[in-house]
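What follows is the residue order along each chain.
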Amino acid sequence: MAFEHFCPECLETRRFESIFIEEDYPVKNEVITIDSHYYKCNECGELILDPENEDENYVNAYNEYRKRKNLLFAEEIVEIREKYDISQRQMAKILGWSHATLSRYETGALQSQSHNNELVLLQDPVNMLKIIERNKDNLTKQEYDRIKSKVKTMIVDHSSKSLYTVIENSFITEPSEYNGFTTFNLEKLINVIKYFLYRDSQVYKVKLMKYLWFTDFLHFKNWTVSLTGLRYAKLPMGPVPDNYDMLISLILNEDKLINREYIDFGNGQGELFTAFEDFDSSLFTEEEIKTLEIISKFLQPHNSRSVSELSHKELAWLETRDRELITYKYAEQLSLS
Ligand SMILES: [Zn+2]
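Residues numbered from 1 in each chain as written. Predicted model: local features only at pLDDT ≥ 70, side-chain atom pairs only at ≥ 80, totals over all residues. Heavy atoms only, no water.

Attention shifts here to the overall build of the protein chain. Across its full length, the protein chain holds 13 helices and nine strands. For the protein chain, the spread of C-alpha atoms along the principal axes amounts to about 95 × 55 × 35 Å. Looking at the protein chain as a whole, 42% of its 337 residues qualify as buried. Long-range contacts, defined as pairs at least 24 residues apart, comprise 62% of the intrachain contacts of the protein chain with a sequence gap of at least 6. Put simply, the protein chain shows about 18,600 Å² of open surface, and 48% of that area lies on carbon and sulfur atoms. Of the charged side chains in the protein chain, 40 are positive and 56 negative, and the gap between their average positions amounts to 9 Å. (Helix = DSSP H or I, 4+ residues; strand = E, 2+ residues; numbered from the N terminus. Buried < 20%, exposed > 50% of the residue type's maximum accessible area, 1.4 Å probe, protein only. Contact = heavy atoms within 4.5 Å. Areas by Shrake-Rupley, 256 points an atom, 1.4 Å probe, with all protein chains shown as cover. Lys, Arg positive; Asp, Glu negative; His and termini not counted. Charge placed at Lys NZ, Arg CZ, Asp CG, Glu CD.)

Moving on, we come to the domain arrangement of the protein chain. Split by domain assignment, the protein chain resolves into domain 1 (2-69), domain 2 (74-166) and domain 3 (186-333). In this structure, domain 1 and domain 3 have C-alpha centres spaced 67 Å apart. (Domains from an automatic or database assignment.)

A separate point is the coordination of the zinc ion. Taken together, the protein donors to the zinc ion comprise Cys7 (SG), Cys10 (SG), Cys41 (SG) and Cys44 (SG), at separations of 2.2 to 2.3 Å. Its four donor atoms give the zinc ion angles of 104 to 116° at the centre, a pattern that matches the tetrahedral case. With relative accessibility at 0%, the residue Cys7 sits in the buried group. (Donors = N, O, S within 2.8 Å, 3.2 Å for Na, K, Ca; no water. Tetrahedral: all angles 85-135°; square planar, octahedral: opposite > 155°, others 65-115°.)

Okay, structure coming up:
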């Protein structure tokens, strides 16, 4: 990069070229070496700083020091504050610092190690809540209420997300004959469900479970792996995904485009499932889509009762004991192909 600029040595406008020179900068008690950026006069060799960005070299030296000492970068300090949706002034009050101090940090001044530690702690909403309590007298009642409620919401969201991960992980088991040697994949399962619900408007709980079971077992029969990685247990109504109720809550929570509605039949209630969009075919191989097509065609004409009768004729069902997991080994004898 080159440009025309007034040269303080030649006292005339000259052409300047960008060059880098290794230099030492004292930062706190350390010496930081960086490649300093200058512009050099083509005539006399005079060096000038970038007139548009005079602090450039100091900022780079500071950032090098930050990396070495594991200090937050200015942008990271801004991010913490923005995460909580509060102004610089409010953040300073919460920390018990002057507004000028925080403002300088956010524009690149080097923070002290102890101030850095306080900022790092504030990345966690639980700590944020504690420090708001500690310094609540610095805030107006309105500020205190608003910020506290925001932080509390963040804590709840965070913990429900980790609970969710725990639940999802409880469906992931070592590859075995019980999960069809496939690792459970929630996103894929959701899309298998969408596939069937989008093509069949009368899918109640029992039929949904049969769609899944026949899909996994047929896929295993043809390809020696299941499609979703679900484990199935023998229940009176037929083969059912293990921990079925937890699984359905997980799915309804994860994808708002799948819906469950309770329908009153007079002699009881049914759970009707619907999907507001079609499946994402990019998640599936051609063979998997073929399996879905076969099962869709096979089961669509059935209602919950006749579909249960179908599964009750299967060897997998007949030979497994009540409440036990069904091995995919029976897939070989599946009446469907
Ligand atoms: Zn010059």
